[in-house]
Amino acid sequence: MQKEQFSNLSERIRGSLITPASGEYEVARRVYNEMIDRRPAAIVRCADVADVKAALNFARQNDYTVAIRGGGHNGAGLGVCDQGLVIDLSLMKGIRVDPAIRTVRVEPGCTQGDVDHASHAFGLAVPAGIVSTTGIAGLTLGGGTGYLTRKYGLTIDNLIEADVVLADGSFAIGNASQNEDLFWALRGGGGNFGVVTSFVFRAHPVSTVYAGPIFWEVKDARRVMQWYREFLPQAPLELCPFLALKSVPSTNPFPKELWGKKICALISCYSGPLERAEEAIKPIRQELPRPILDWMGPMPFPALQGLFDPLLPKGLQWYWKGDFVRELSDKAIDSHLEWSAKAPSELSLMHLYPIDGAVHGVGRSETAWGFRDATWSMVIAGIDADPAKAGALTAWAKGYWEAVHPYTLGGAYVNFLMDEGVDRIKATYRNNYNRLTETKRKYDPHNFFRINQNIKPD
Ligand SMILES: Cc1cc2nc3c(=O)[nH]c(=O)nc-3n(C[C@H](O)[C@H](O)[C@H](O)COP(=O)(O)OP(=O)(O)OC[C@H]3O[C@@H](n4cnc5c(N)ncnc54)[C@H](O)[C@@H]3O)c2cc1C
């Protein structure tokens, strides 16, 4: 097949087209995870929905594979592909907050930080993730967990509407009364169904929160984990403490004597009335061994969301694996302690993010998200700046995951999957998988959108 020149596409768009001949190409093709090294035929930086349509039509007519990029944070590097066309949405950053009805309309190039910044000016927040540089688009389409999850649900539980450009270049709106099947699938089914060009979210009155990390020495980790599993189900839903096994970063502002020390941490956010915060976290401060660092205090919500940004810049090596977890048995804790002690780098970590509370209030088949009965979404991440460590980071994450996997529900938050094969994708969606396949067949019968955790139409 004779392919059209990219210059033809360039003439049809308001954004920019980057090819291997462009000076920007080497930077533009990189995604957040530096382990990913792919060379697309071109990258289209779309300025608007018309550009998205033009790019999709060009790709389809000229038989290019497309990768969709929001924030570029996907661990498996799904925001870029070899030889195909990257539809890069990072210029599409419009946000409109409607404070009267507490909604936020967001374009797909926004990061989590963009959404927090815009909403905070109105004393509002949209429940999403915990690192401000993450793209809101990819995060939302996978589900979205963070500090407000226990109280207000997953990000998809707060999604009211999405505008979508479909595989054939047509446009559809998905919400509770239009294209309900598409709207259902978008809430957890990832980038399988089209390019989302606008999201409308429900926002909540969250402004100053009482939040931050508390660290314990690793000798106290077992006690903290045992206590945490009992505490969480009774904790007020405004309090969201996630558990971490990691090391103290060897950098300011951490006290020098703690640098590099292995720790167990609870990183928490209390989003209820400030005057009740200290009471809510009293058990953490009173019932556990003395921590080596306690930095919980009042802060603006966007400040909490940006807390990890300096530690996790773009360009690090990442390999992660996830699972959903219902219970944390003593045997599971033993495995966690054994494997976290062997972490191959200071940044490597294990996190357990609570997904109880409001997440359990939504039925298992109401959205595509398959694990409404889990207590935590677990991630084990091997992370370091040194490319020479890529093998060790990967081997550790895989080994750790294999050791704890028998104590989990299986599946995994789709946004914590690497390239792990169709069985893992099926396990992630459980009984919702067949309905996702049917929806894929209707909206993308030729599997045009396949650079994702792919749901095949057949
Ligand atoms: C440091 C870090 C912290 C994280 N923290 C959290 C967290 O707290 N909570 C959480 O839930 N997740 C978290 N994640 C995981 C995150 O949700 C995923 O990495 C997600 O894929 C990032 O979205 P993105 O838009 O940046 O990704 P991209 O790499 O740009 O896109 C990933 C994929 O999403 C799909 N996609 C993106 N945009 C669109 C669109 N507009 N239309 C259709 N499909 C699209 C495509 O399939 C694309 O290939 C974190 C990731 C990192 C690296």
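Residues numbered from 1 in each chain as written. Predicted model: local features only at pLDDT ≥ 70, side-chain atom pairs only at ≥ 80, totals over all residues. Heavy atoms only, no water.

### Examining the overall build of the protein chain
Next, step 1: In terms of regular secondary structure, the protein chain is built from 14 helices and 17 strands.
Next, step 2: A compact globule built from 458 residues would reach a C-alpha radius of gyration of about 23 Å, and the protein chain, at 22 Å, matches this within 12%.
Next, step 3: By its C-alpha atoms, the protein chain is 70 × 50 × 40 Å across when sized along the principal axes.
Next, step 4: Counting the 458 residues in the protein chain, one finds 60% classified as buried.
Next, step 5: Intrachain contacts of the protein chain at a sequence separation of at least 6 include 73% that bridge at least 24 residues.
Next, step 6: One finds the centroid of the 49 positive side-chain charges in the protein chain at a distance of 2 Å from the centroid of its 50 negative side-chain charges. (Helix = DSSP H or I, 4+ residues; strand = E, 2+ residues; numbered from the N terminus. Rg over C-alpha atoms; globule rule 2.2 N^0.38 Å. Buried < 20%, exposed > 50% of the residue type's maximum accessible area, 1.4 Å probe, protein only. Contact = heavy atoms within 4.5 Å. Lys, Arg positive; Asp, Glu negative; His and termini not counted. Charge placed at Lys NZ, Arg CZ, Asp CG, Glu CD.)

### Looking at the environment of Val 359
Next, step 1: Tracing the sequence through the fold places Val 359 in the loop between strand S16 (349-354) and strand S17 (376-384).
Next, step 2: On the accessibility criterion, Val 359 (0% relative accessible area) is buried.
Next, step 3: Counting along the chain gives 330 residues from Val 359 to Arg 29, while the straight-line C-alpha distance between them is 36 Å.
Next, step 4: Each residue touching Val 359, except ones within four places of it in the same chain, is listed here: Thr 149, Gly 153, Leu 154, Asp 157, Trp 369 and Arg 372.

### Focus: the sheet that holds strand S8 (residues 171-175)
Next, step 1: One open sheet holds the five strands; their spatial order is S5-S6-S9-S7-S8, and the pairing between them is antiparallel. Of all the strands in the sheet, the pair left with one neighbour each is strand S5 (95-98) and S8. Going from strand to strand, the sheet's axes swing by 15° on average, the running direction of each strand aside.
Next, step 2: Summarising the sheet, strand S6 (residues 103-106) and strand S9 (residues 195-202) pair through four bridges and their orientation is antiparallel. Bridge pairing in S9 links Thr 103 to Arg 202.
Next, step 3: On top of the sheet, helix H4 (residues 112-120) reaches S5 and S6; it is set at about 35° to S5, its chief contact. (Pairing = 2+ DSSP bridges. Axes fitted to C-alpha atoms, helices over the stretch in contact; angles between N-to-C directions.)

### Concerning the packing of helix H11 (residues 330-340) against helix H12 (residues 390-404)
Next, step 1: Viewed as axis vectors pointing N to C, H11 and H12 meet at an angle of 165°, and their least axial separation amounts to 9 Å. One element, H11, and the other, H12, form an angle in the roughly antiparallel class. As for how H11 packs across H12, the hand of that crossing is right-handed. Contact with H11, carried on its side by Ala 332, Ser 335, His 336, Trp 339 and Ser 340, involves Trp 396, Gly 399, Tyr 400, Ala 403 and Val 404 of H12 and no other residues of that element.
Next, step 2: Of the residues that constitute the contact of H11 with H12, the class distribution is six nonpolar, four polar and no charged. (Parallel < 35°, antiparallel > 145°, perpendicular 65-115°, else oblique. Left-handed = near helix turned anticlockwise from the far one by under 90°. Nonpolar A, V, L, I, M, F, W, Y, C, P; charged D, E, K, R; others polar.)

### Quick word on the nonpolar core
Next, step 1: Counting residues in hydrophobic clusters, the biggest one holds 126 residues, and the most contacted among them are Tyr 147, Leu 243, Ile 284, Phe 301, Trp 369 and Ile 380.
Next, step 2: With seven residues, strand S12 (residues 262-270) is the single largest residue contributor to this core.
Next, step 3: Setting aside anything within four residues of it in sequence, one finds Tyr 147 in contact with Ala 128, Ile 130, Cys 240, Phe 242, Ile 267, Ser 268, Cys 269, Phe 301, Leu 304, Gln 305 and Phe 308.
Next, step 4: With 25 residues, the next largest nonpolar core counts Leu 9, Cys 46, Ala 54 and Leu 56 among its residues. (Core = buried A, V, L, I, M, F, W, Y, C linked by side-chain atoms within 4.5 Å.)

### Brief notes about the site of the ligand
Next, step 1: As a matter of local geometry, the ligand sits amid 33 residues, with Gly 70, Gly 72, Leu 78, Thr 145 and Tyr 413 nearest to it.
Next, step 2: Gly 138 is positioned with one of its backbone polar atoms (N or O) 3.0 Å from an oxygen atom of the ligand.
Next, step 3: Considering the ligand on its own, with 950 Å² of exposed area, one finds that the protein chains cover 97% of that surface.
Next, step 4: Here the element with the most residues in the shell around the ligand is helix H5 (residues 136-142); it accounts for four residues.
Next, step 5: Across the shell around the ligand, the residue classes break down as 16 nonpolar, 16 polar and one charged. (Near = heavy atom within 4 Å. Polar contact = N/O pair within 3.5 Å; in protein donor to acceptor, adjacent residues only side chain to side chain. Areas by Shrake-Rupley, 256 points an atom, 1.4 Å probe, with all protein chains shown as cover.)

### A word on the environment of Gln 5
Next, step 1: With respect to the helices and strands, the residue Gln 5 is situated in the segment before helix H1 (6-12).
Next, step 2: A relative accessible area of 55% means that Gln 5 is categorised as exposed.
Next, step 3: Distance in space between the C-alpha atoms of Gln 5 and Asn 62 is 9.6 Å, their sequence separation being 57 residues.

### Things to note about the domain arrangement of the protein chain
Next, step 1: Split by domain assignment, the protein chain resolves into domain 1 (6-88), domain 2 (95-205) and domain 3 (209-416).
Next, step 2: In this assembly, ten residues from domain 1 lie in contact with 16 residues from domain 2.
Next, step 3: Taken over both partners, the interface formed by domain 1 and domain 2 buries close to 1000 Å², and the fraction arising from carbon and sulfur atoms is 69%.
Next, step 4: Here domain 1 and domain 2 share zero salt bridges between them.
Next, step 5: The interface formed by domain 1 and domain 2 includes four residue pairs in polar contact (both at pLDDT 80 or more).
Next, step 6: Among the residues making up the side of domain 1 that touches domain 2, the classes are represented as four nonpolar, four polar and two charged. (Domains from an automatic or database assignment. Buried area = accessible area lost by both parts, 1.4 Å probe. Salt bridge = Lys/Arg side-chain N within 4 Å of Asp/Glu carboxyl O.)

### Digging into helix H9 (residues 277-286)
Next, step 1: Where H9 is concerned, the buried positions are Ala 277, Ala 280, Ile 281, Pro 283 and Ile 284. Taken down its axis, H9 places every buried residue within 140° of arc, on the same side. The outward face of H9, more than 90 degrees from its buried face, is lined by the exposed residues Glu 279 and Gln 286. (Arc of directions from axis to C-beta.)

### Focus on the pattern of salt bridges
Next, step 1: Inspection of the entire model under this criterion finds 32 salt bridges.
Next, step 2: A salt bridge links Glu 420 to Lys 321; the shortest N-O distance between them is 2.9 Å. Separated by 99 residues along the polypeptide, Glu 420 in the loop between H12 and helix H13 (422-429) and Lys 321 in strand S15 (residues 317-325) bring together distant segments of the chain.
Next, step 3: We classify Glu 420 as buried; its relative accessible area is 17%.
Next, step 4: Taking relative accessible area as the criterion, Lys 321 reaches 8% and is therefore assigned buried.
Next, step 5: The network of salt bridges with common partners includes Glu 26, Arg 29, Arg 30, Glu 34, Asp 37 and Arg 39.

### Points about the side chain of Asp 444
Next, step 1: Relative to the helices and strands, Asp 444 is located in the segment after helix H14 (433-443).
Next, step 2: A polar side-chain atom of Asp 444 sits 2.9 Å from the main-chain amide nitrogen of Phe 449.
Next, step 3: Among all residues touching Asp 444, those that are not within four sequence positions of it are Ala 167, Asn 192, Phe 449 and Pro 457.

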